[in-house]
Amino acid sequence: MDEADRAILNGLQGGFPLCDEPYREAAARIGLTEAELLERLRRLLEAGVLTRFGPMYQVERMGGAFVLAALAVPEADYERVAEAVNALAEVAHNYRREHALNMWFVLATETPEGIPAAIARIERATGLEVFAFPKLKEYFVEMKLHA
Amino acid sequence: MPDAALSPSPSPAGGRGEHGEPLARLEGIDRRLVVATQAGLPLAPRPYHALAEELGMAAAEVMARLRRMLESGVIRRIGAVPNHYALGYRANGMSVWDVADERIDALGEAVGRLPFVTHCYHRPRALPLWPYNLFAMVHGRGREEVEAKVAEIAALLGADCRAHDVLYSSRILKKTGLRLAG
């Protein structure tokens, strides 16, 4: 990663223009040409430095729901439970964390009713109680990480 | 969570926005536009024209619809979505705090303003296993950096903090983000 890559990462996390030639306009903001920006974006995506370039959608504003949930999984059963949980399309991400509650995942569904249905399926598939932690209030959500 | 295709928003689950307004379900052309762009914009000089051609509509309409979704908050932002790990932020600590419910809004706002906190939420406790009601996600290049940042949160909360913990992610089991079915 060089200076131009860092300028892309730090300068283009938002505000990509809605106009006929948005890459040209965005490139000009960070001192690149359109062709350079497109080439670098292609490379950063291929290398996995960027997971995506485009709109970040908010599921709840589209009528859907997003809920953090956790399981206390017996160690001997961990792989089987991980497989069962990951098999649900509604599980957007899933992390192992070090605590009695050792599996933390996010359920994202197109409708609010999808959440209890997904929880019931996970409980049936794993035989474990799902602890749901829906957000009561959001104080801050923003990417503030710098390259 | 920030690099999920669909990120959490300020509105609580349950189909209503932060101020109680009913949310419109995503339908028809907007839904097709979401499906066409959720994995990214075309890397071509005229990306909205390319989308317009794919969807059989005018480029001006693609731009107008994206603008409307940005204004209504359906789209949080348009741009680069970096991978934390690739940026060197390898330690990801979910710091969790038990604070008085009557104080949590003021404390949550203050914690959310710290420059290194990427997400901050009030969530329910699950007693007796889980006494914590304030969640603050902290990213760092290593655990020491996360520990130092958590100590700053502890200092900010002072006597308002009754108990806390930090849960590090030790393994990513799945990371796809929600994808609407095309």
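Everything quoted here is computed from the prediction, not taken from an experiment.

Let us now look at the overall build of chain B. Summing up its helical and strand segments, chain B has five helices and six strands in all. The order of helices and strands in chain B, counted from the N terminus, is β-α-α-α-β-β-α-β-β-α-β. A sequence separation of at least 24 residues applies to 59% of the contacts in chain B between residues at least 6 apart.

Turning to the sheet that holds strand S3 (residues 91-97) of chain A, a few remarks are in order. Strand order in the open sheet formed by nine strands is S5(A)-S2(A)-S4(A)-S3(A)-S6(B)-S3(B)-S5(B)-S4(B)-S6(A), with antiparallel pairing between adjacent strands. A single partner strand is all that each edge strand has here, and the edge strands are strand S5 (131-133) and strand S6 (137-141) of chain A. For this sheet the average axis-to-axis angle between neighbouring strands, irrespective of direction, equals 25 degrees. Looking at chain direction, S6 of chain A and strand S4 (residues 117-122) of chain B are connected through four bridges and run antiparallel. For Phe 140 of chain A, the partnering residue across the bridge sits in S4 of chain B and is Cys 120 of chain B.

We now examine helix H1 (residues 28-37) of chain B. Within H1 of chain B the residues assigned to the buried category are Leu 33, Val 34 and Thr 37 of chain B. Along the long axis of H1 of chain B, the arc covered by the buried residues comes to 100 degrees, so they all point the same way. If you follow the buried residues of H1 of chain B, they end up packed against strand S1 (50-58) of chain A together with helix H2 (47-55) and helix H3 (59-72) of chain B.

So, about the interface of chain A and chain B. Contacts between the two partners involve 70 residues from chain A, matched on the other side by 81 residues from chain B. Ranked by residues supplied to the side of chain A that touches chain B, first place goes to S1 of chain A with nine residues. Residue composition of the side of chain A that touches chain B, grouped by class: 41 nonpolar, twelve polar and 17 charged. Where S3 of chain A meets strand S6 (residues 163-175) of chain B, five bridges bridge the pair, whose relative direction is antiparallel. Bridging from a neighbouring strand, Arg 97 of chain A pairs with Ser 169 of chain B of S6 of chain B.

A few words on the domain arrangement of chain A. Split into domains, chain A comes out as domain 1 (3-46) and domain 2 (59-133). In this structure, domain 1 of chain A and domain 2 of chain A have C-alpha centres spaced 36 Å apart.

Let us now look at unusual backbone geometry. That bond from Leu 127 of chain B to Pro 128 of chain B is cis: its omega, 5 degrees, falls within 30 degrees of zero. Mapping Pro 128 of chain B onto the fold places it in the loop between S4 and strand S5 (134-140).

Let us look at the environment of Arg 123 of chain B. Among the secondary structure elements, Arg 123 of chain B is positioned in the loop between S4 and S5. Each C-alpha atom of the pair Arg 123 of chain B and Asn 133 of chain B lies 5.1 Å from the other, and the pair is ten residues apart in sequence. Apart from the residues within four sequence positions on either side, Arg 123 of chain B is in contact with Leu 68, Phe 133, Pro 134, Lys 135 and Leu 136 of chain A together with Asn 133 and Phe 135 of chain B.

Definitions and limits used
- Residues numbered from 1 in each chain as written.
- Chains lettered and ligands numbered in written order.
- Predicted model: local features only at pLDDT ≥ 70, side-chain atom pairs only at ≥ 80, totals over all residues.
- Helix = DSSP H or I, 4+ residues; strand = E, 2+ residues; numbered from the N terminus.
- Contact = placed C-beta atoms within 7 Å.
- Pairing = 2+ DSSP bridges.
- Axes fitted to C-alpha atoms, helices over the stretch in contact; angles between N-to-C directions.
- Buried ≥ 20, exposed ≤ 12 C-beta atoms within 10 Å, placed from the backbone.
- Arc of directions from axis to C-beta.
- Nonpolar A, V, L, I, M, F, W, Y, C, P; charged D, E, K, R; others polar.
- Domains from an automatic or database assignment.

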